[in-house]
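# Descriptive analysis of the structure
What follows is the residue order along each chain.
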Amino acid sequence: MTDPAPFVVRPATTADVRRIHALLEPYVQKRILLGKDLAVLFGSVQQFVVAEVDGQIVGCGALHVMWEDLGEIRTLIVHDEWLHHGIGRAIVEVLEQQARDLGIHRLFCLTFEVEFFTRRGFAPIGEQVVDPDVYSQLLRSPDEGVAEFLDLAHVKPNTLGNTRMLKHL
């Protein structure tokens, strides 16, 4: 068996958005990830990195800033054929470095892949992980990821079975 082709993780461009959407869609159909409209993906393309092999997008992930010291890793996907080749780990490492560069000290994720994130230093979190003043400010955010982080009741039907996890950088 030959070694798989090398991959590169790089910032996403607008030319990647439709390929990110196509990569995301099977996971939306399986109810593993929430769907994102193309307009949302184009509007947040600067948050994404992609893993590329021979011109093909085989993985992606995004870093979303939630608060001055808090970010979220979201939309982390690796194509089934490329699992267990270090692509997910590499994407998370790039996003963690971006978070550090922005001054973020804590990273949140909402995931079914608890073992993967545990190996990366994330741990499940309880109910209250920010102080009351920050909580009240975050309540004003229209972002669904913030609502998931805060564990608000209106997002619970979409997050059943997911684990809320946090890592201190």
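Just above sits the structure.
I will try to describe carefully the structure that is included in this document. (Residues numbered from 1 in each chain as written. Predicted model: local features only at pLDDT ≥ 70, side-chain atom pairs only at ≥ 80, totals over all residues. Heavy atoms only, no water.)

## Topic: the overall build of the protein chain
- When helices and strands are counted, the protein chain shows 7 helices and 7 strands.
- Across the protein chain, helices and strands are ordered from the amino to the carboxyl terminus as β-α-α-β-β-β-α-β-α-β-α-α-α-β.
- For the protein chain, the residues scored as buried account for 45% of the 169 residues in total.
- For the protein chain, contacts bridging at least 24 residues in sequence account for 67% of all contacts bridging at least 6.
- By element, 54% of the accessible surface of the protein chain is carried by carbon and sulfur atoms, the whole surface being about 9300 Å². (Helix = DSSP H or I, 4+ residues; strand = E, 2+ residues; numbered from the N terminus. Buried < 20%, exposed > 50% of the residue type's maximum accessible area, 1.4 Å probe, protein only. Contact = heavy atoms within 4.5 Å. Areas by Shrake-Rupley, 256 points an atom, 1.4 Å probe, with all protein chains shown as cover.)

## Here's the deal with the sheet that holds strand β7 (residues 163–168)
- Ordered by their spatial adjacency, 7 strands build an open sheet running β1-β2-β3-β4-β5-β7-β6, and the pairing between neighbours is mixed. Pairing within the sheet leaves two strands with one partner each, and these edge strands are β1 (8–11) and β6 (123–124). (Pairing = 2+ DSSP bridges.)

## Digging into the nonpolar core
- Among the nonpolar cores identified, the biggest contains 20 residues, and Ile73, Ile87, Leu107, Phe117 and Phe122 are the most heavily contacted of them.
- Put simply, the parts of the chain that give this core at least two residues each are β2 (48–53), β3 (56–67), β4 (70–78), α3 (87–102), β5 (106–111) and α4 (114–119).
- Of all the elements, α3 adds the most residues to this core, at 5 residues.
- Among all residues touching Phe117, those that are not within four sequence positions of it are Ile73, Leu76, Val92, Cys109, Thr111, Phe122 and Met165.
- The next biggest cluster of nonpolar side chains, apart from the first, holds 15 residues, and it includes Ala12, Tyr27, Ile57 and Ala62. (Core = buried A, V, L, I, M, F, W, Y, C linked by side-chain atoms within 4.5 Å.)

## Digging into the environment of Glu52
- Along the chain, the position of Glu52 falls in strand β2.
- Put simply, Glu52 and Phe7 are 45 residues apart on the chain and 5.4 Å apart in space, counted from C-alpha to C-alpha.
- Ignoring any residue separated from it by four or fewer positions in sequence, one finds Glu52 in contact with Pro6, Phe7, Val8, Arg10, Arg19, Ile57 and Val58.
- Side-chain polar atoms of Glu52 contact the side chain of Arg10, separated by 3.2 Å. (Polar contact = N/O pair within 3.5 Å; in protein donor to acceptor, adjacent residues only side chain to side chain.)

## Thoughts on the pairing of β4
- The buried count for β4 comes to 8 of 9 residues, which makes it a mostly enclosed element.
- When β3 meets β4, the two strands line up antiparallel, connected through 7 bridges. Each residue of the ladder has a partner; that of Trp67, found in β4, is Leu70.
- Hairpin connection between β3 and β4: a loop of 2 residues separates the two successive antiparallel strands.

## Concerning the packing of aromatic side chains
- Within the structure shown, the criterion is met by 2 aromatic pairs.
- Taken together, the ring pairs in this structure connect Phe116, Phe117 and Phe122 into an aromatic cluster.
- Its guanidinium or amino end placed over the ring of Tyr27, Lys30 lies 5.2 Å from that ring's centre, counting from NZ or CZ.
- The residue whose ring lies beneath Arg120 is Phe116, and the NZ or CZ to ring-centre distance is 4.4 Å. (Phe/Tyr/Trp six-rings, centres within 6.5 Å; stacked < 30°, edge-to-face > 60°. Lys NZ or Arg CZ within 6 Å of the ring centre and 35° of its normal.)

## Notes on helix α1 (residues 17–29)
- The end-to-end C-alpha distance of α1 is 18 Å, a good match for the 18 Å that 13 residues give at a rise of 1.5 Å each.
- Where α1 bends most, the angle comes to about 25°, and this point is Leu23, followed within four residues by the proline Pro26.
- Within α1 the residues assigned to the buried category are Val17, Ile20, Leu23, Leu24, Tyr27 and Val28.
- As for α1, its buried residues are in contact with α2 (38–43), β2, β3 and β4.
- Phi for Arg31, located one or two positions after α1, is positive at around 65°. (Expected span 1.5 Å × (residues − 1). Bend = angle between axes of the 7 residues up to and from the residue.)

## Focus on unusual backbone geometry
- Here the phi dihedral of Arg31 falls at roughly 65°; this positive angle occurs in a residue that is not glycine.
- Residue position: Arg31 is located in the loop between α1 and α2.
- By relative accessible area, which is 74% here, Arg31 ends up exposed.
- At His84, a position not held by glycine, the phi torsion is positive, near 65°.
- Residue position: His84 is located in the loop between β4 and α3.
- The exposed category is assigned to His84, whose relative accessible area is 82%.

Note that every value here comes from positions in space, so none of it alone points to a role or purpose.
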